[in-house]
Each structure stands twice: as structure tokens, then as C-alpha cells.
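In case you want the letters, here they are:
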Amino acid sequence: MPVWLQAGAWGLIAGSALVVGALFAWFLDVPRAVTASVMAFGSGVLISALSFDLVDDAEKTGGLVATAVGFLGGAVVYVLLNVALARRGARHRKRSGEEQPSEADQPGSGTAIAIGALLDGIPESVVLGLSLLGGGGVGVPVLAAIFISNIPEGLSSSAGMKRHGRSAGYVFGVWTGIAVASGLAGLLGALLLEGASPQAIAVITAVAAGAILAMVADTMIPEAFERTHLYAGLIATLGFLVAFSIERAG
């Protein structure tokens, strides 16, 4: 199977975890404290993957300066786009409670939330595609981190959507669409960068990593702390340790 097609398949698999989370939220009455705890765990998992896989590999290949510039650039671009979407109603898109606006409260917020969720997922999928270009297969620790963290993302956000009267068609349409888009992002990342220099791949990996870290801090950690408070740090630490153990065992 061509590398770009493998990248698309892995991106789709990782994105499908969002749909799994949405199913939990729609059909089960998951307590907000549980949702927030899983979100804290997912935050720790992603931070570990960023530290020991993405940024570390980018620095070893592309050097510290290029990695730092790419990492900061990815964060800046993400934050600017996130600020624009927040002003249109997507600020609390991962919140499971009453924070999300309804369409009646803020017209256009449904579209903003969908675009925001897409913004959150694209960097992760691009990273998966890039991990295949070295010829060693998909990066298992990164794939596991993205899949594990996507479940609470879909769970928390869908719970908030449901509370504000979003229809099942909207909720599952959003997450199914983003799962497909994640597959396409992974596919395009591998297809367009196949044959690129290791330094170029390292910089783009750093850009995606910066965007992911900004996403964790802006959208996941606030929901995690909202309900778990002083336990959020411990739960995030457990997530970090699990992802670190997967990386070392791989």
C-alpha cells in the first residue's frame, strides 16, 4: 500500500475516536467530573507525545533553531485562528456543560464550533502522515496519544452540544466529517511531503507540534480543570506516564 494511502487510513482511524467519544456522550449520561478527568488524562498523553516524539525528533533532525521557530510559529497560527473562531462562538467548543452557546444565543456558533473542531484535529493528522515518511511505519506512540486524547475531546464537546439542543445529525455530522478530514490531512501530509528533505519534515513536524500544544492549553486543560480542580494535575501526570511508557516500550 502506498505511504500516502496508509497515512490517510491512520488519520481516519485516529479521527474516528472523536465519533466514539460522541457516541458515549449521546447515549450515556456521563458525569461531568468523569468527562473532565478523561480530558485531563488526554492532555497528559498529548503533552508526552509532543515532548518525547515530535519535538525531540524534529530537533534531532532539523536543529534547535529551526525547531524552535516552527514550534512557535505553529502555536501563533493556531492561537490567531482560535481567537477569530472564539469571537464567533467556538471559544468553549470542548466544554461539556453550559458554556457552549446555542444557535439562538449566537447565530453562526454551530459553524464556528465545527470549524474549530476541524482546526484542532488537522495538526494531529498531519503529524501522523509525516511519521510514515521515514519508512519505519506509523509512529505508534503518537497514534496512541492522538486516539486516546480524541475520545475525551469528542465526549466533552458532544455533551455540551447536546445540552444546548444541537441535533444528532449535527453532532455526528461534525465528528464524522472531521474524522474524514483527518484522514485526508494525513494523506495530503504524506503525499505532498514525500521526497522532502528531513529538515523540511522536521520543521513542519515542529509547526504541527506547536499548534497541538496551544490547542491542549487553550481548549482541553480548561475543561479538565473546571471539574477536577486540584486532581487535574495528577490525572494529567498519569496520562503523561502512560504515553511515555508506550513510547519507551515501542
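In the block above lies the structure referred to throughout.
These numbers come from a predicted model, not from an experiment. (Residues numbered from 1 in each chain as written. Predicted model: local features only at pLDDT ≥ 70, side-chain atom pairs only at ≥ 80, totals over all residues. Heavy atoms only, no water.)

A short note on the environment of F41
Moving on, step 1. Tracing the chain through its elements places F41 in helix α2 (residues 32-62).
Moving on, step 2. Here the alpha-carbon distance between F41 and A236, two residues 195 residues apart in the chain, equals 4.5 Å.
Moving on, step 3. Once you skip the residues sitting within four places of it in the chain, F41 turns out to touch I148, I235, L238, G239 and V242. (Helix = DSSP H or I, 4+ residues; strand = E, 2+ residues; numbered from the N terminus. Contact = heavy atoms within 4.5 Å.)

Some details on the nonpolar core
Moving on, step 1. Within the largest apolar cluster, 29 residues are counted, with the highest numbers of intra-cluster contacts made by L46, L54, I212 and M215.
Moving on, step 2. Mapped by element, the contributors of at least two residues to this core are α2, α3 (64-90), α4 (109-131), α5 (140-163), α7 (198-228) and α8 (232-249).
Moving on, step 3. It is α7 that provides the largest number of residues to this core, a total of 9 residues.
Moving on, step 4. When residues no more than four places from it in sequence are discounted, the contact partners of I212 are L46, L50, L54, P123, E124 and V127.
Moving on, step 5. Core analysis: the next-biggest nonpolar cluster, separate from the first, contains 13 residues, I113, V171, F172 and V174 among them. (Core = buried A, V, L, I, M, F, W, Y, C linked by side-chain atoms within 4.5 Å. Buried < 20%, exposed > 50% of the residue type's maximum accessible area, 1.4 Å probe, protein only.)

Some points on the environment of S149
Moving on, step 1. Assignment of secondary structure puts S149 in helix α5.
Moving on, step 2. For S149, a relative accessible area of 0% puts it in the buried group.
Moving on, step 3. Residues S149 and G42 lie 107 residues apart in sequence; the distance between their C-alpha atoms is 4.1 Å.
Moving on, step 4. Excluding residues that lie within four positions of it along the chain, S149 makes contacts with G42, L46, E124 and M220.

Quick word on the side chain of S125
Moving on, step 1. Counting through the fold element by element, S125 comes out in helix α4.
Moving on, step 2. Of the residues examined, S125 reaches a relative accessible area of 4% and is grouped as buried.
Moving on, step 3. Here S125 is in contact with S182, A185 and G186, once residues within four sequence places are set aside.

Note that every value here comes from positions in space, so none of it alone points to a role or purpose.
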